[in-house]
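Chain by chain, the residues:
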Amino acid sequence: MQNWIGGVEKLDVLKRVPIKEQEPIERIHNFDEVCLGYTPDEAAREAQRCLECKNAPCVKGCPVEVKIPEFIRLIKEKKFKESYLKILETNLLPAICGRVCPQETQCEQNCVRGIKGEPIAIGKLERFVADWFRQNCEFEFSKPQPNGRKVAIIGSGPAGLSCASSLAKMGYEVTIFEAFHKLGGVLYYGIPEFRLPKEVVEWEIENLKKMGVEFRTNMIFGKTFDLEDLKQEGFDAVFISSGAGLPNFLNIEGELLNGIYSANEFLTRINLMKAYKFPEYDTPIKLGKKVGVIGGGNVAMDAARVARRLGSDVYILYRRTEAEMPARKEEIMHAKEEGIKIVELVSPVRFIGDESGHVRALELVKMKLSDPDSSGRRSVKPVDGSNFVFEADNFIVAIGQSPNPLVKKAIPDLELNPNGSIKVDENLMTNIEGVFAGGDIVTGAATVILAMGMGKKAAESIDRYLNAKKHENL
Ligand SMILES: Cc1cc2nc3c(=O)[nH]c(=O)nc-3n(C[C@H](O)[C@H](O)[C@H](O)COP(=O)(O)OP(=O)(O)OC[C@H]3O[C@@H](n4cnc5c(N)ncnc54)[C@H](O)[C@@H]3O)c2cc1C
Ligand code: SF4
């Protein structure tokens, strides 16, 4: 135990300063954010626990190398604006990353404080300064001298947004083309309000507009425009960041019955179309009393927690055990607190419907985990004769997403990997000169911070490529 500033309050250096959350009983009736964030005093107390390590292992765990000890020291000194600007040097979207990054497997996993006690709450501190800045300061940006070159970006998810911001800072004229009527990609249509309020996403996008980035919505690459149109408009390079938004299906009997949603459709109705406010908004959503969600990732958790808020009893049906679930631990904990049940070691066999064509049940088979192989991974296999029927009014399929084939249709010569993702070189350039790609369309479904990191790297590559071309033309 040590005294905190002036010895007024005691700070247990091994324990995190607790953060307030909405109570589960209350939050299952609304879509408001679950985590209520630190107050300035709480943030300064948590920052006080940081050792300001010289070699800062936390920074090595961050894909965009946020200057963690530096921004935390500024919180200790209650210089919140300076702290925000410090994060901004390497991370464009701190209010978003502080909320959705899996810090427990990145920066916080490496934190020296975590050896004996609880690691510093780096994500919660990042989110605190970003929120404080949003509520208390005006975003100012001094525009650089325009360099006269134009870059087109396809898709307004984290990869596209981070590429746009880096290029705008270098003086490029940047236009983002987005298929939907709203901007932000998965940040808008995938991750629900109770984890990432849309006003936060909108604020970050407004800042990009202030930096001079132009946005064109309802523009579908491969349908409403193509590479030739971009050339005609005088774009010097293109960055494709169209994500991995094509839902995977189980391909089992009965999957076309009514009442079965892909998580993608379900979450899009909720987040993008605000179906939970029907009839105030036009788009409906219909769920019965009992819902089964198939999958164990972040998407499955989000779908389950949304279904709970619509008043259903929710069961997550997962092939492995809770310990192997790829979803963030915090999300699994929140889901369980909200009364969502996890049924482990089950795999879908076929959906069963009624005479009206509506789903009524899912036949499942029990699974068994093998011993870990040499890589430590445990495979699963069905237990013969263990089939049983799980009755529910609706099912939501959340077993992953793949890249949409539309981009390939629009550029037939574009080289793809066997899984349909775009093939790029070490500079993130595709086999088509001047066309770069990054984010989930290259990696397959991954994370916000990795998509952002690739957007930034692509911006640097585009700049190098266009500078080299300029010299060739001299
Ligand atoms: C429900 C859900 C929850 C998630 N939770 C987390 C989390 O907690 N933490 C985390 O780190 N990651 C999470 N992820 C993953 C993360 O959101 C993605 O890895 C990230 O958004 C990928 O960014 P991106 O820019 O590559 O693509 P996206 O965010 O998918 O953006 C692509 C954009 O391109 C647009 N587009 C597609 N095709 C075209 C076209 N032909 N023309 C024009 N525009 C087009 C799309 O409409 C979209 O706006 C989650 C994903 C989902 C679906
Ligand atoms: S490793 Fe932990 S204690 Fe050390 S500088 Fe990073 S956040 Fe602070």
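Here the structure is a predicted model, which means the values were calculated and not measured.

Cut-off values and rules
- Residues numbered from 1 in each chain as written.
- Chains lettered and ligands numbered in written order.
- Predicted model: local features only at pLDDT ≥ 70, side-chain atom pairs only at ≥ 80, totals over all residues.
- Heavy atoms only, no water.
- UniProt positions renumbered as here; feature names shortened; annotations may be inferred.
- Helix = DSSP H or I, 4+ residues; strand = E, 2+ residues; numbered from the N terminus.
- Near = heavy atom within 4 Å.
- Nonpolar A, V, L, I, M, F, W, Y, C, P; charged D, E, K, R; others polar.
- Expected span 1.5 Å × (residues − 1).
- Buried < 20%, exposed > 50% of the residue type's maximum accessible area, 1.4 Å probe, protein only.
- Contact = heavy atoms within 4.5 Å.
- Polar contact = N/O pair within 3.5 Å; in protein donor to acceptor, adjacent residues only side chain to side chain.
- Areas by Shrake-Rupley, 256 points an atom, 1.4 Å probe, with all protein chains shown as cover.
- Domains from an automatic or database assignment.
- Axes fitted to C-alpha atoms, helices over the stretch in contact; angles between N-to-C directions.
- Parallel < 35°, antiparallel > 145°, perpendicular 65-115°, else oblique.
- Buried area = accessible area lost by both parts, 1.4 Å probe.
- Salt bridge = Lys/Arg side-chain N within 4 Å of Asp/Glu carboxyl O.
- Pairing = 2+ DSSP bridges.
- Core = buried A, V, L, I, M, F, W, Y, C linked by side-chain atoms within 4.5 Å.
- Left-handed = near helix turned anticlockwise from the far one by under 90°.

As for the UniProt feature "domain: FAD/NAD(P)-binding" (unreviewed entry) in the protein chain
And then number 1: In the UniProt entry, the feature "domain: FAD/NAD(P)-binding" (unreviewed entry) is given for residues 150–455.
And then number 2: When the span residues 150–455 is considered, its composition is 27% helix and 23% strand, and the gap between its end C-alpha atoms is 16 Å.

Regarding the site of ligand 2
And then number 1: The local shell around ligand 2 consists of Cys50, Leu51, Glu52, Cys53, Cys58, Pro69, Cys111, Val112, Ile120 and Ile122.
And then number 2: Considering only residue class, the shell around ligand 2 consists of nine nonpolar, no polar and one charged.

Comments concerning helix H13 (residues 298–309)
What sets the pattern is the α-helix's 3.6 residues per turn: residues three or four places apart point alike.
And then number 1: Along its 12 residues, H13 runs 17 Å from first to last C-alpha, staying within 8% of the 16 Å computed at 1.5 Å per residue.
And then number 2: Burial analysis of H13 places 10 of its 12 residues in the buried class, which makes it a mostly covered element.
And then number 3: Residues of H13 that are buried include every one of Ala300, Met301, Asp302, Ala303, Ala304, Arg305, Val306, Ala307, Arg308 and Arg309, and no others.
And then number 4: Summarising the contacts, the buried residues of H13 are in contact with helix H1 (24–27), helix H12 (263–272), strand S9 (290–294), strand S10 (313–317), helix H14 (329–337) and strand S16 (394–397).
And then number 5: Directly after H13, the chain includes Gly311, whose backbone phi takes a positive value near 100°.

Brief notes about the site of ligand 1
And then number 1: In the neighbourhood of ligand 1, 34 residues make up the surrounding shell, with Val100, Glu178, Arg195, Phe221 and Asp440 lying closest.
And then number 2: The side chain of Arg195 places a nitrogen or oxygen atom 2.8 Å from an oxygen atom of ligand 1.
And then number 3: Ala446 has a polar backbone atom sitting 3.1 Å from an oxygen atom of ligand 1.
And then number 4: The protein chains hide 94% of the 1000 Å² of surface that ligand 1 would expose on its own.
And then number 5: Sorting the residues of the shell around ligand 1 by element identifies helix H8 (158–169), H13 and helix H17 (448–473) as the ones contributing at least two each.
And then number 6: Tallying contributions element by element places H13 first for the shell around ligand 1, with three residues.
And then number 7: Among the residues making up the shell around ligand 1, the classes are represented as 18 nonpolar, 12 polar and four charged.
And then number 8: Residue assignment places the shell around ligand 1 across two domains, with domain 2 (150–245 + 403–473) and domain 3 (250–397) each supplying three or more.

So, the side chain of Arg134
And then number 1: Here Arg134 lies in helix H7 (residues 122–136).
And then number 2: Excluding its chain neighbours within four sequence positions, the residues that come into contact with Arg134 are Arg99, Glu199, Val200 and Trp203.

With respect to the packing of helix H4 (residues 68–76) against helix H5 (residues 80–88)
And then number 1: One can describe the packing of H4 onto H5 by two numbers: an axis separation of 8 Å at closest approach and a directional angle of 170°. Between H4 and H5, the interaxial angle falls into the category roughly antiparallel. In this structure, H4 uses Glu70, Phe71, Leu74 and Ile75 to contact H5, whose residues at the interface are Phe80, Glu82, Ser83, Lys86 and Ile87.

Section: the domain arrangement of the protein chain
And then number 1: Parsing the protein chain into structural domains produces domain 1 (30–136), domain 2 (150–245 + 403–473) and domain 3 (250–397).
And then number 2: Each of domain 1 and domain 3 has a C-alpha centre, and these two points are 33 Å apart.
And then number 3: Taken together, the 10 residues of domain 1 in the interface contact 11 residues of domain 3.
And then number 4: When domain 1 packs against domain 3, the two sides together hide about 760 Å² of surface, and 54% of this comes from carbon and sulfur.
And then number 5: The largest contributions to the domain 1 side of the interface with domain 3 come from Phe31, Val34 and Glu104, which together make up 67% of the buried area.
And then number 6: Summed over the shared surface of domain 1 and domain 3, the number is two salt bridges.

Description of the sheet that holds strand S3 (residues 150–154)
And then number 1: With parallel pairing, five strands are arranged side by side in an open sheet as S5-S4-S3-S6-S18. The two strands at the open ends of the sheet, each matched to only one other strand, are strand S5 (214–216) and strand S18 (435–437). Averaged over all pairs of adjacent strands, the angle between their axes in this sheet comes to 20°, without regard to strand direction.
And then number 2: H8 rests against S3, strand S4 (173–177), S5 and strand S6 (237–240) of the sheet, and its axis sits at about 170° to S4.

As for the nonpolar core
And then number 1: Counting 96 residues, the largest nonpolar core has Phe71 and Leu230 as the members making the most contacts within it.
And then number 2: Sort the elements by how many residues they give to this core and H17 lands first, with 10 residues.
And then number 3: The residue makeup of this core includes at least three contributed by each of domain 1 (30–136) and domain 2 (150–245 + 403–473).
And then number 4: Not counting the four nearest positions on each side in its chain, Leu230 is found in contact with Ala152, Ile154, Phe177, Phe221, Phe225, Phe235 and Val238.
And then number 5: Formed by 28 residues, the second largest nonpolar core is a distinct cluster that contains Val291, Val306, Ala335 and Ile396.

Description of the packing of H4 against H7
And then number 1: Their axes nearest at 11 Å, the elements H4 and H7 cross at an angle of 60°. Between H4 and H7, the angle falls in the class oblique. Along this stretch, H4 crosses H7, giving a crossing that reads as left-handed. Of H7, the residues touching H4 (which contributes Ile68, Phe71, Ile72 and Ile75) are Ile122, Leu125, Glu126 and Val129.
And then number 2: Split into classes, the residues belonging to the contact of H4 with H7 amount to seven nonpolar, no polar and one charged.

Side note on the pattern of salt bridges
Two side chains that carry opposite charge are able to pair once their charged atoms sit near each other.
And then number 1: Tallying each qualifying case throughout the model produces 35 salt bridges.
And then number 2: With a shortest N-O distance of 2.5 Å, Asp41 and Lys78 are connected by a salt bridge. With Asp41 in helix H2 (residues 40–48) and Lys78 in the loop between H4 and H5, this residue pair connects regions lying 37 residues apart in the sequence.
And then number 3: Overlapping salt bridges, with partners in common, bring together Arg27, Arg195, Asp302, Arg305, Arg309, Glu331, Glu337 and Glu338 in one network.

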